Amino acid sequence: MDSQVKPPTSTPTTHPRLGWIGLGSMGLAMALNLHSHLSHINAPPLCFYNRTEARGHSILDKGGVQSASVQNLIAQVDICFIAVSDGTVVTSIINSIIEASTTQQLHGKIIVDTSTIHPDVSSWAQRTLAEKGASFVAAPVFGASPVAREGRLLMVTAGADEAVRAIEPFLVGVLARKTLHMGTDAAQASLMKTAGNFLTAGMMELVAEAQVFAEKTGIGSEALESLIEEQYGALPLAMSRRMTEGFYLPKQGERPWSDLQLAVKDVGLGVSCAENAGTSLPVADVILKHYDEACQYGERNERALDSSSMYGVLRTHAGLDFESDRVKER
């Protein structure tokens, strides 16, 4: 469902109050964009909650309102976005919301989950909130943290039509470059995100293998990237540059663009969903094997790794160092 940001037709007193839970790399980038948009249209400031309060300082400095708890936040807002690491956290948040609120207090509220979670969790959240008169919209996103900062994510939505229409003004042009709508069943958005994550990881594996091939044969990474750009497009080119420019192994203490541990979780979700559907994802087994080796490297060296770090693993398989010359120079 494509949408365009519309000029505000309501005054600040009637504009829905928006909230945000979860300020990891992706969540913080999206929350900052949403708060900036609210400020631009003279709407009430974004209310937010994060377990680590310090993560919210940049929003607080811009006029955002920090809440002391999930329960306190939900009491203040009409629409609340969630951006957390996995389904366990989403389940905990939804349970906290329900336990602390009466049906009357929750009636009409919209919970929008941008996290990557199992479709079964999305179905449970939609069903459980509906029993309290609230709506749940699954809205997982595609894109690493730099894309989130630019407000250029791809977002997949699924939920009750009225709830999806209510959040549309805050999606395209604010958080996302485009939305894909999957209907009223929230699980469908989660399934689409799972399929997309598998495609992304598979392409990452393919590009990593090709880059190691290019180095070992003498083709060279620059020549290969020229081919990728001209023949295969922007996404595999961006993946290649994450490897050749050294972002697969972030500097000590820096956050990765896309965390390796979350990538392991996401590919594992695909394997689980495929098994439930009576099929398999053989390429995922190769990816997970290389991810496991990358995790071991990260643990030994106390480093956070990017989801493109299978490149380092494949380098070692070819007799090269895990750290490329670019990483060593840095």
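As the structure is a computational prediction, the values presented were derived from the model and not from experiment. (Residues numbered from 1 in each chain as written. Predicted model: local features only at pLDDT ≥ 70, side-chain atom pairs only at ≥ 80, totals over all residues. Heavy atoms only, no water.)

### Some words on the pairing of strand β5 (residues 110-113)
Alternating residues of β5 divide into Ile110 and Val112 and Ile111 and Asp113, and every residue in both groups is buried. Judged from the four bridges that link them, strand β4 (residues 79-82) and β5 form a sheet pairing that is parallel. Paired with Ile79 across the two strands is Ile110, which belongs to β5. For β5 and strand β6 (residues 135-138), the ladder comprises four bridges, and the chain directions are parallel. Residue pairing for β6: Ile111 is matched across the bridge by Phe136. (Buried < 20%, exposed > 50% of the residue type's maximum accessible area, 1.4 Å probe, protein only. Helix = DSSP H or I, 4+ residues; strand = E, 2+ residues; numbered from the N terminus. Pairing = 2+ DSSP bridges.)

### Focus on helix α11 (residues 234-244)
Residues separated by three or four positions in an α-helix point in the same direction, a consequence of the helix having 3.6 residues per turn. What α11 keeps buried is the set Pro236, Leu237, Met239, Ser240, Arg242, Met243 and Thr244. Contacts made by the buried residues of α11 are with α9 (186-217), α10 (221-232), α14 (310-317) and α15 (325-329). A positive backbone phi angle near 90° is found at Gly246, which sits one or two residues after α11. (Contact = heavy atoms within 4.5 Å.)

### A few points about the UniProt feature "active site" (unreviewed entry) in the protein
Here, UniProt's "active site" (unreviewed entry) annotation points to Lys193. Mapped onto the elements of the fold, Lys193 is located in helix α9. Discounting residues that sit within four places of it in the chain, Lys193 has contacts with Thr116, Pro140, Val141 and Phe142. (UniProt positions renumbered as here; feature names shortened; annotations may be inferred.)

### Remarks on the sheet that holds strand β3 (residues 65-66)
Strand order in the open sheet formed by six strands is β3-β2-β1-β4-β5-β6, with parallel pairing between adjacent strands. Edge strands, defined here as strands with exactly one partner in the open sheet, are β3 and β6. Relative to the sheet, helix α1 (residues 25-40) contacts β1 (18-21) and β4, its axis offset from that of β1 by approximately 165°. With respect to the sheet, helix α4 (residues 87-99) is in contact with β1, β4 and β5, its orientation differing from that of β5 by roughly 170°. (Axes fitted to C-alpha atoms, helices over the stretch in contact; angles between N-to-C directions.)

### Looking at the environment of Tyr297
Relative to the helices and strands, Tyr297 is located in helix α13 (residues 282-301). A residue is classified by how much of its surface remains accessible, and Tyr297, at 10% relative accessible area, is buried. If near-sequence neighbours (up to four positions away) are discounted, Tyr297 is found in contact with Leu249, Leu305, Phe322 and Glu323.

### Some words on α14
In terms of residue burial, α14 counts as a mostly covered element, since six of its eight residues are buried. All of the buried residues in α14 are Met310, Tyr311, Gly312, Val313, Leu314 and Arg315. Its buried side turned inward, α14 meets α9, α11 and α13. At the C-terminal side of α14, Gly319 shows a positive phi close to 85°.

### Some thoughts on the UniProt feature "domain: 6-phosphogluconate dehydrogenase NADP-binding" (unreviewed entry) in the protein
Mapped onto this structure's residue numbering, the UniProt feature "domain: 6-phosphogluconate dehydrogenase NADP-binding" (unreviewed entry) falls at residues 18-173. Within residues 18-173, the helical portion is 44% and the strand portion 18%, while the C-alpha atoms at the span's ends are 17 Å from each other.

### Looking at the packing of aromatic side chains
Going through the model one piece at a time under the given rule, you end up with five aromatic pairs. Taken together, a centroid distance of 5.2 Å and an interplanar angle of 10° make the contact between Trp20 and Phe81 stacked. Of the two residues, Trp20 sits in strand β1 while Phe81 sits in strand β4, which places them 61 residues apart along the sequence. In this structure, Trp20 and Phe81 share a single accessibility class: buried. Seen in terms of ring centroids, Tyr248 and Phe322 are 6.1 Å apart; in terms of plane orientation they differ by 45°. Their pairing is tilted. Of this pair, Tyr248 sits in the loop between α11 and α12 (260-276) while Phe322 sits in the loop between α14 and α15, and the two are 74 residues apart along the sequence. In textbook terms, an aromatic cluster arises when at least three aromatic residues are bridged by ring pairs, as seen for Tyr248, Tyr297, Tyr311 and Phe322. Between the NZ or CZ atom of Lys193 and the centre of the ring of Phe142, over which it lies, the distance is 5.1 Å. (Phe/Tyr/Trp six-rings, centres within 6.5 Å; stacked < 30°, edge-to-face > 60°. Lys NZ or Arg CZ within 6 Å of the ring centre and 35° of its normal.)

### Some details on the pairing of strand β9 (residues 176-181)
The pairing of strand β8 (residues 153-157) with β9 spans five bridges and is classified as parallel. Residue pairing across strands places Leu153 opposite Ala176, the latter belonging to β9. In this view, the connection linking β8 to its parallel neighbour β9 by way of helix α8 (residues 161-167) has right-handed handedness. (Right-handed = clockwise from strand over helix to strand, strands pointing away.)

### Looking at the sheet that holds strand β7 (residues 141-142)
The three strands are arranged β7-β8-β9 in an open sheet whose pairing can be described as mixed. Strands at the two margins of the open sheet, each flanked by one partner only, are β7 and β9.

### Re the packing of α4 against helix α6 (residues 119-130)
One can describe the packing of α4 onto α6 by two numbers: an axis separation of 10 Å at closest approach and a directional angle of 5°. Judged by the angle between their axes, α4 and α6 are roughly parallel. Residues Gly87, Val90, Thr91, Ile94, Asn95 and Ile98 of α4 pack against Val121, Trp124, Ala125, Thr128 and Leu129 of α6. In the contact of α4 with α6, the residues fall into seven nonpolar, four polar and no charged. (Parallel < 35°, antiparallel > 145°, perpendicular 65-115°, else oblique. Nonpolar A, V, L, I, M, F, W, Y, C, P; charged D, E, K, R; others polar.)

### Here's the deal with the domain arrangement of the protein
Interfaces are often sized by the amount of accessible area the parts lose when they come together. Split by domain assignment, the protein resolves into domain 1 (18-184) and domain 2 (192-329). Listed by partner, the interface residues are 17 residues for domain 1 and 15 residues for domain 2. Summing both partners gives a buried area of about 1,300 Å² for domain 1 against domain 2, and 67% of it is carried by carbon and sulfur. Looking at the side of domain 1 facing domain 2, the largest losses of area belong to Thr116, His118 and Phe142, adding up to 38% of the total buried there. Across the domain 1-domain 2 interface, the total number found is zero salt bridges. Joining domain 1 to domain 2, the criterion identifies six residue pairs in polar contact (both at pLDDT 80 or more). When residues of the side of domain 1 that touches domain 2 are traced back to their parent elements, those giving at least two are β7 and α7 (145-149). (Domains from an automatic or database assignment. Buried area = accessible area lost by both parts, 1.4 Å probe. Salt bridge = Lys/Arg side-chain N within 4 Å of Asp/Glu carboxyl O. Polar contact = N/O pair within 3.5 Å; in protein donor to acceptor, adjacent residues only side chain to side chain.)

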